[in-house]
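Observations on the three-dimensional arrangement
Here is how the chains run, residue by residue.
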Amino acid sequence: MGKIDALIKQYMSNSSVFADVFNFYIYGGEQVVRPENLHPLDTTAIGIPFGKEKKGQPVQKYRDILKYVTAMEDEKAAYLVLGIENQANIHYAMPPRNLLYDALEYTRQVEKVSASHRKENNKGSHNTAEYLSGFYKEDRLIPVITLVVYFGAEVWDAPRSLCEMLEVKDKRVLGYVNDYHLNLIVPAELQESDFEKFTTDLREVMRYIQCSADKQKLSWLVENDHRFSKMDRNTAMLLNECTGSGLKFRESEGSVDMCEAIKELRKEWYEQGQQKGREKGREEGREEGREKGREEGEQTGIINSLKALVKNLGISLERAMDILEIPEDKRQSIAKVYKEMQ
């Protein structure tokens, strides 16, 4: 398992987050699924189509997370099995993969019911067909719901149903194919009104990922949303890995100020620009004089830093100079050199 997969699995294993994602997707934000009612299920399954296996032998599969929950109550409790598949990358064969998982879970339930009947050994009260199948007329299965949560900023361009993956020349055939549709959450597809339906920091996770492709929008979000000022360190690490932000956190930090982390990244860009400028200045200084080389090197460092901020954050030159705290009396001359070097 890669680092991103491990971080996602750890994050989504939190019962509050797990409940939050299903309350959002199924109930539109209504708090129906309760974290305290969630219990882990065994995620081991047996299947052949996926993974590396020896010829003719099944491969053991592990579902990312599978829990059951008391979802609604009327005259008696009704239970839903809620499954979730974590994807850090787009998967172009997700429909048959999830179909397999669901089928394996239903099979597990049937086998569990059958084992219970064998233990009771009440053959006399049921007909031969029921006894041989191990599943009685009155037996019922718990619904299985698999939800794919995509932790990427890109648009999901993979198939969302089994039929989309089929090559069919005779359309009449499709009338007899049992289709399978994905339940899918993609950050890029969420509307502004959707984010307020989350009750955990999954809201910040989805918003950050959605904005991660636009550095200016991301910078504005982190600076203006107070919930990013004190984020759980593990959640911050998840965002950092999923989006490739390059942020650095201190090992001792229990919570992270994402705004400060981004400021530190800007400072690093600035220092890198200065270093490049000094190196260039030293080269020129050998020919034109040490003092002149030093002055021009520092100026080049500032220009390189401005370029990095403008390019990486998508901000204006004036805003970049504000960030670097360049004195007013030097801005005009620096802006002139900046434009000449474009």
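Residues numbered from 1 in each chain as written. Predicted model: local features only at pLDDT ≥ 70, side-chain atom pairs only at ≥ 80, totals over all residues. Heavy atoms only, no water.

1. Regarding the overall build of the protein chain
As a reminder of what qualifies: A run of H or I in DSSP becomes a helix once it reaches four residues, and a run of E becomes a strand once it reaches two; helices and strands are each numbered from the N terminus. When a residue's accessible area, from a 1.4 Å probe over protein chains only, is under 20% of the maximum for its type it is buried; when over 50% it is exposed; and in between it is partly exposed. The contact criterion used throughout is that any non-hydrogen atoms of two residues lie within 4.5 Å. Here, Shrake-Rupley sampling with a 1.4 Å probe gives the accessible areas, and only protein chains in the shown set may cover a residue.
Scanning the protein chain from N- to C-terminus turns up twelve helices and nine strands. Considering the protein chain as a whole, with its 342 residues, one finds that 41% of them fall into the buried category. Taking the contacts inside the protein chain whose residues are at least 6 apart along the sequence as the reference set, 59% of them involve residues at least 24 apart. Roughly 20200 Å² of accessible area belongs to the protein chain as shown, and the carbon and sulfur atoms make up 48% of that amount.

2. Some points on the pattern of salt bridges
So the rule is basically this: Salt bridge criterion: a side-chain nitrogen from Lys or Arg within 4 Å of a carboxyl oxygen from Asp or Glu.
Under the definition given, this model contains 16 salt bridges. Between Glu 196 and Arg 203 there is a salt bridge, and its shortest N-O distance comes to 3.3 Å. Its relative accessible area of 4% is what places Arg 203 among the buried residues. Residues joined by salt bridges that share partners form a network here, namely Glu 192, Glu 196, Arg 203, Glu 204, Arg 207, Asp 225 and Arg 227.

3. Some points on helix H8 (residues 233-243)
Rule in force here: Whenever a nitrogen or oxygen atom comes within 3.5 Å of another N or O atom, the pair is scored as a polar contact, on the condition that within protein one atom can donate a hydrogen and the other can accept it, and that pairs from neighbouring residues in sequence are kept only if both atoms are in side chains.
Considered for burial, the residues of H8 that qualify are Arg 233, Thr 235, Ala 236, Leu 238, Leu 239, Asn 240 and Cys 242. Its side-chain oxygen 3.0 Å from the backbone nitrogen of Asn 234, Asp 232 forms the N-cap of H8. Looking at the residues trailing H8, positive phi occurs at Gly 244, about 65 degrees.

4. As for the nonpolar core
What counts here: To qualify as a nonpolar core, a set must consist of buried Ala, Val, Leu, Ile, Met, Phe, Trp, Tyr and Cys residues joined through side-chain atoms within 4.5 Å.
Formed by 44 residues in total, the largest nonpolar core has its most connected members in Met 12, Val 21, Phe 151, Met 206 and Met 258. Contributions of two or more residues to this core are made by helix H1 (3-12), helix H2 (15-27), strand E5 (77-87), strand E6 (144-150), helix H6 (202-211), helix H7 (215-224), H8 and helix H9 (258-288). When residues in this core are grouped by element, the largest group, seven residues, is from H2. The residues contacting Val 21, other than those within four sequence positions of it, are Met 12, Ile 84, Leu 147, Val 149, Ile 185 and Leu 202. One finds Leu 309, Met 321, Leu 324 and Tyr 338 within the second-largest nonpolar core, a separate group that totals 15 residues.

5. Points about the pairing of E6
To be explicit about the condition: The pairing criterion for strands is at least two bridges between them, as found by DSSP.
The element E6 is largely enclosed, with a buried count of six among its seven residues. Of the pairings in the sheet, the one linking E6 to strand E7 (residues 183-185) comprises three bridges and is parallel in character. Note that in E7 the partner of Leu 147 across the bridge is Asn 183.

6. Considerations on the packing of aromatic side chains
Any two aromatic rings considered together are summarised by their centre-to-centre distance and by the angle between their planes. Spelled out, the test is: A pair of Phe, Tyr and Trp rings is counted when the ring centres sit within 6.5 Å of each other, with Trp represented by its six-membered ring. The angle between the planes then sorts it: under 30 degrees is stacked, over 60 is edge-to-face, the rest tilted. Two thresholds decide whether a charge sits over a ring: the Lys NZ or Arg CZ must be within 6 Å of the ring centre and within 35 degrees of the ring normal.
Counting across every chain of the model gives four aromatic pairs. For the ring pair Phe 18 and Phe 22, a centre distance of 5.2 Å and an interplane angle of 45 degrees mean the geometry is tilted. Here Phe 22 and Phe 18 lie together in helix H2, a separation of four residues that amounts to about one turn. The same class applies to Phe 18 and to Phe 22, which are both buried. Arranged with centres 5.4 Å apart and planes meeting at 75 degrees, the rings of Tyr 150 and Trp 156 form a pair that is edge-to-face. Comparing Tyr 150 with Trp 156, the two get one shared label, buried. The lysine or arginine in question, Arg 207, covers the ring of Phe 195, its NZ or CZ lying 5.3 Å from the ring centre.

7. Brief notes about the side chain of Arg 203
Within the element layout of this structure, Arg 203 appears in helix H6. Among the polar contacts listed, one links the side chain of Arg 203 to the side chain of Glu 204, at a separation of 2.4 Å. Setting aside its immediate chain neighbours within four residues, Arg 203 contacts Phe 195, Glu 196, Phe 198, Asp 225 and Arg 227.

8. So, the environment of Cys 163
When you line up the elements, Cys 163 lands in the loop between E6 and E7. On the accessibility criterion, Cys 163 (22% relative accessible area) is partly exposed. When the C-alpha positions of Cys 163 and Pro 95 are compared, they lie 9.0 Å apart, and in sequence the two are 68 residues distant. Each residue touching Cys 163, except ones within four places of it in the same chain, is listed here: Leu 174, Val 177 and Asp 179.

9. Points about the confidence of the model for the protein chain
Caution applies to low-pLDDT regions: their predicted coordinates should not be interpreted in detail. This is how it is decided: Scored between 0 and 100, pLDDT is the confidence that the predictor attaches to each residue.
For the protein chain, per-residue confidence averages 79 on the pLDDT scale, and 78% of positions sit at 70 or higher. Per-element confidence in the protein chain is highest for helix H5 (residues 192-195), whose mean pLDDT is 95, and lowest for H9, whose mean pLDDT is 60. Throughout residues 72-78 the model reports pLDDT below 50, and contacts reaching past four residues in sequence, or to other chains, amount to seven contacts.

10. A short note on the environment of Arg 108
For Arg 108, the location among the structural elements is in helix H3 (residues 94-120). Through-space distance from the C-alpha of Arg 108 to that of Thr 44 is 9.9 Å; in sequence the pair is 64 residues apart. Among the polar contacts listed, one links the side chain of Arg 108 to the side chain of Glu 105, at a separation of 2.9 Å.

11. Re the packing of H1 against H8
Condition: To obtain an axis, a line is fitted to C-alpha atoms, over the contacting stretch when the element is a helix, and the angle between two such axes runs from 0 to 180 degrees between their N-to-C directions. Crossings are assigned a handedness: left-handed for a near helix turned anticlockwise from the far helix by less than a right angle, right-handed for a clockwise turn.
Interaxial distance between H1 and H8 falls to 10 Å at its minimum, and their mutual angle equals 140 degrees. H8 is crossed by H1, and the crossing has left-handed handedness. For the pair H1 and H8, the contacting residues are Lys 3, Ile 4, Leu 7, Ile 8, Gln 10 and Tyr 11 in the first and Asn 234, Thr 235, Met 237, Leu 238, Glu 241 and Cys 242 in the second.

12. With respect to the packing of H6 against H7
Selection rule: Between 65 and 115 degrees an angle is taken as roughly perpendicular, under 35 as roughly parallel, over 145 as roughly antiparallel, and anywhere else as oblique. Just so you know the grouping, Ala, Val, Leu, Ile, Met, Phe, Trp, Tyr, Cys and Pro go in nonpolar, Asp, Glu, Lys and Arg go in charged, and all remaining residues, Gly too, go in polar.
Put simply, H6 and H7 touch, their axes get as near as 8 Å, and they point 150 degrees apart. It follows from the interaxial angle that H6 and H7 lie roughly antiparallel. When H6 is examined against H7, the residues Arg 207, Tyr 208 and Cys 211 are found in contact with a partner set consisting of Lys 215, Lys 217, Leu 218, Leu 221 and Val 222. Of the residues belonging to the contact of H6 with H7, the class tally is five nonpolar, no polar and three charged.

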